[in-house]
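Single-letter residue listing:
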Amino acid sequence: MKKFIVFILIISIFLVLINNESKEDEGTKYLIGMSQANLSEPWRIMMNEDIKEAVKKYRDVKVIFTDAGQSSKKQINDVDKLLDYGIDILIISMNNSEDLTPIVENVYKKIPVIVLDRHVKGYDYTLFIGPDNKFIGEETGKFIVDILGDKGGDIVEIQGLLGSPPVSDRSKGMRSEIKKNKNINIIETVVADWQKDKAEDKMREIIKKHPSIDLVCAQSDAMAFGAYKGIEENKLGNIHFLGVDGLANYNGGLSLVEEGILKGTFTCPTGGKEAIEYAMEILQGKKTIPKKIILRANKIIRDNVGEYLNKKYKKEGNEVRASILLGFAQTGMESSWRDANVKSIEKAAVDYGIDLDMVYSDNSQEKQIRIVREFIRKKVDVIGLSPVVERGWEEVFKEAKEANIPIILCDRKVTIDDNNLWTSFIGSDFIEEGKRAGRWMIDYFGNSKDVINIVELKGTRGANPAIERKIGFEEVLRDTSNFKIIKSEYANFRMDMGKSVMKNILNQEKGKIDVVYAHNDDMALGAITAIEDYGLEPGKDIIVISIDGTVPALKALAAGKLNFAVECNPVLGPQIMEVTKDLFENKEVPKQIITEEEVFTQENAKKELLTKY
Ligand code: AHR
């Protein structure tokens, strides 16, 4: 027993010394822990290099790296050790999302956590930075269809470590595209755990069974190169090899494409640089930290690899200006959320010294397209757009592309075939907003088995938030049997329409309404007025739920007339200007920046009113 106590004492002293030594080394102010899944993949080695490079900018910051060696058990121990060192923030690139999600949730209760590259389940983390793997898979599939043509061909798929999100997302995305050509057949799918040597061994076996392969699609450049080496001795020159990662290092995807070994690859930035930059903003208490940063994937072929190898981003066709000109095609002034959004954009433009030409489209897509065309004619540097509706943008987006003017989608997404026609999206996760509204409602009614009749007031027909908030809300209701949407009508995000539509529904449905779910505050506030005019008590006789979380909604919550509001963060200005500036300086920008959002209740509304506005 004595020995055990002495042992514990020695360990404790050791850890205290490390902690002090770690913190006091060269006046370290911030200690960052980086838990790495493994260092057997070139991409992960590059991730750590990107982190080391980025942290050089900060004198008083130290990073402690751990390597889990592809073992979740070891990664869990690594995280515990990092916490014992007294780190101020954890950056983690997980070996396996399932295994590590509980650990991330637990650490997040104590210190900020940046999740890199592989998603955790849920939202219990500070910031996610990573690729859109489904998009990478889809683009790979489109590339395969393009290479093989109508004739099609036999392909081999080489997957990474099973159980990691990139594997399933990339495979699903690729398969969704190649199924459009019935002559393309996946004759073998093998798992090589992201390892070059395993891919080489597997390919050597496959080629004996299938000598007439047309294309090998590997989920990383390292595995693509291994596959190539595996059949090199067979001198089969007509096989195409595709990879992912596009690293600029020795035997990285860029040089493999340049040498003609790979037909093409897709960049998959490690996010290491961004992780350090955001970690410093978090540690320094910066307010506007997004929830997700989705990094861009670019297709690399022989024709454009030079731009990436030598980092030469050409910018032709734009006039040279003293400051940046951002043309912004706004929706209209339909709601108080829009007011807050416009104010945020205008203030940020001043703060960043960017010339802002904001034009309103009165929620008419036809007018908004005309505005975008006018920006193209004026040769603005960047176009900002809050698209009134999701569809109908292909033509004018192609015109902007031809004019070499990038488009930043702000607050609302579009649905088009080629997502390369727009550069970045900055805004909310509207589906999650709808889910949060639905979850609160179900929780509010507890275990009641009574039928709950719901009236849904929808935003503008065809608008991304109206479509996705409905999807999210209905997804949550799918697991219930007593919640019924008895009326679902458009009120275009407007207060006056929320009132008139609700008045008609009250007259039709009489007292049968239990809940109003409005896609935004303005329609909810209009409905509240109609409920009062009808002689009922909003917030009591009829439960009212909305999305946005504007000041008028907080006031209605505090007055007990509104029951729950999901935040839709309107303060997008700083991120829009940051991306605009980076684009103008030819820097890489994220594909998506998803904002951090909370929820408001009657209990926390008063405090929010005091602190937030
Ligand atoms: O796109 C965001 C939505 O547009 C807001 O929820 C609504 O108030 C605005 O009109």
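Please read all numbers here as calculations on a predicted model, not as lab measurements. (Residues numbered from 1 in each chain as written. Predicted model: local features only at pLDDT ≥ 70, side-chain atom pairs only at ≥ 80, totals over all residues. Heavy atoms only, no water.)

1. With respect to the overall build of the protein chain
Now for step 1: Summing up its helical and strand segments, the protein chain has 21 helices and 24 strands in all.
Now for step 2: For 613 residues, the compact-globule formula gives about 25 Å, and the C-alpha radius of gyration of the protein chain, at 27 Å, lands near that figure.
Now for step 3: Dimensions of the protein chain, computed from C-alpha atoms along their principal axes, come out at roughly 85 × 75 × 55 Å.
Now for step 4: The buried share of the protein chain, taken over its 613 residues, is 55%.
Now for step 5: At a minimum sequence separation of 6, the contacts of the protein chain that also span at least 24 residues come to 73%. (Helix = DSSP H or I, 4+ residues; strand = E, 2+ residues; numbered from the N terminus. Rg over C-alpha atoms; globule rule 2.2 N^0.38 Å. Buried < 20%, exposed > 50% of the residue type's maximum accessible area, 1.4 Å probe, protein only. Contact = heavy atoms within 4.5 Å.)

2. So, unusual backbone geometry
Now for step 1: At Gln70, a position not held by glycine, the phi torsion is positive, near 65°.
Now for step 2: Note on placement: Gln70 falls in the loop between β2 (61-67) and α3 (72-85).
Now for step 3: With a phi angle near 55°, Lys379 is a residue other than glycine that sits in the positive phi range.
Now for step 4: The residue Lys379 is located in the loop between α13 (365-377) and β15 (382-385) in this model.
Now for step 5: Judged by relative accessible area, which is 38%, Lys379 ranks as partly exposed.

3. Overview of the pairing of β2
Now for step 1: Bridge analysis of strand β1 (residues 30-36) against β2 gives seven bridges, and the strand direction is parallel. Paired with Ile32 across the bridge in β2 is Val63.
Now for step 2: The β-α-β motif built from β1, the intervening helix α2 (residues 42-55) and the parallel element β2 has right-handed crossover chirality. (Pairing = 2+ DSSP bridges. Right-handed = clockwise from strand over helix to strand, strands pointing away.)

4. Re the packing of aromatic side chains
Now for step 1: Counted according to the given criterion, the structure contains ten aromatic pairs.
Now for step 2: Centre to centre, the rings of Tyr123 and Tyr125 are 6.4 Å apart; their planes meet at 15°, and the pair counts as stacked.
Now for step 3: Overall, Tyr123 belongs to the partly exposed group, its relative accessible area being 23%.
Now for step 4: According to the relative accessible area criterion, Tyr125 is buried, its value standing at 1%.
Now for step 5: Ring geometry for Phe445 against Phe483: centres 5.9 Å apart, planes inclined by 75°, an arrangement best described as edge-to-face. Remark: Phe483 occurs in strand β19 (residues 483-490) and Phe445 occurs in the loop between α15 (430-444) and β18 (452-458); sequence separation between them is 38 residues.
Now for step 6: The rings of Trp440, Tyr444, Phe445, Phe483 and Phe564 are connected pair by pair, giving a single aromatic cluster.
Now for step 7: Here the basic side chain of Lys52 rests over the ring of Phe65, its NZ or CZ set 5.3 Å away from the ring centre.
Now for step 8: Note that Lys413 overlies the ring of Phe425, its terminal NZ or CZ placed 5.1 Å from the centroid. (Phe/Tyr/Trp six-rings, centres within 6.5 Å; stacked < 30°, edge-to-face > 60°. Lys NZ or Arg CZ within 6 Å of the ring centre and 35° of its normal.)

5. Notes on the domain arrangement of the protein chain
Now for step 1: Along its sequence, the protein chain is carved into domain 1 (27-131), domain 2 (133-267), domain 3 (324-427 + 571-595) and domain 4 (430-568).
Now for step 2: Distance from the C-alpha centre of domain 1 to the C-alpha centre of domain 4: 40 Å. (Domains from an automatic or database assignment.)

6. Things to note about the site of the ligand
Now for step 1: Close contacts around the ligand come from Glu334, Ser335, Trp337, Arg338, Asp411, Arg412, Phe430, Pro465, Arg469, Phe493, Asn520 and Asp548, and that covers them all.
Now for step 2: Asp548 is positioned with one of its side-chain polar atoms (N or O) 2.6 Å from an oxygen atom of the ligand.
Now for step 3: Burial of the ligand by the protein amounts to 100% of the accessible area it has alone, namely 290 Å².
Now for step 4: Mapped onto the shell around the ligand, the elements with two or more residues apiece are α12 (336-352) and α16 (464-477).
Now for step 5: Broken down by class, the residue content of the shell around the ligand amounts to four nonpolar, two polar and six charged.
Now for step 6: Each of domain 3 (324-427 + 571-595) and domain 4 (430-568) contributes no fewer than three residues to the shell around the ligand. (Near = heavy atom within 4 Å. Polar contact = N/O pair within 3.5 Å; in protein donor to acceptor, adjacent residues only side chain to side chain. Areas by Shrake-Rupley, 256 points an atom, 1.4 Å probe, with all protein chains shown as cover. Nonpolar A, V, L, I, M, F, W, Y, C, P; charged D, E, K, R; others polar.)

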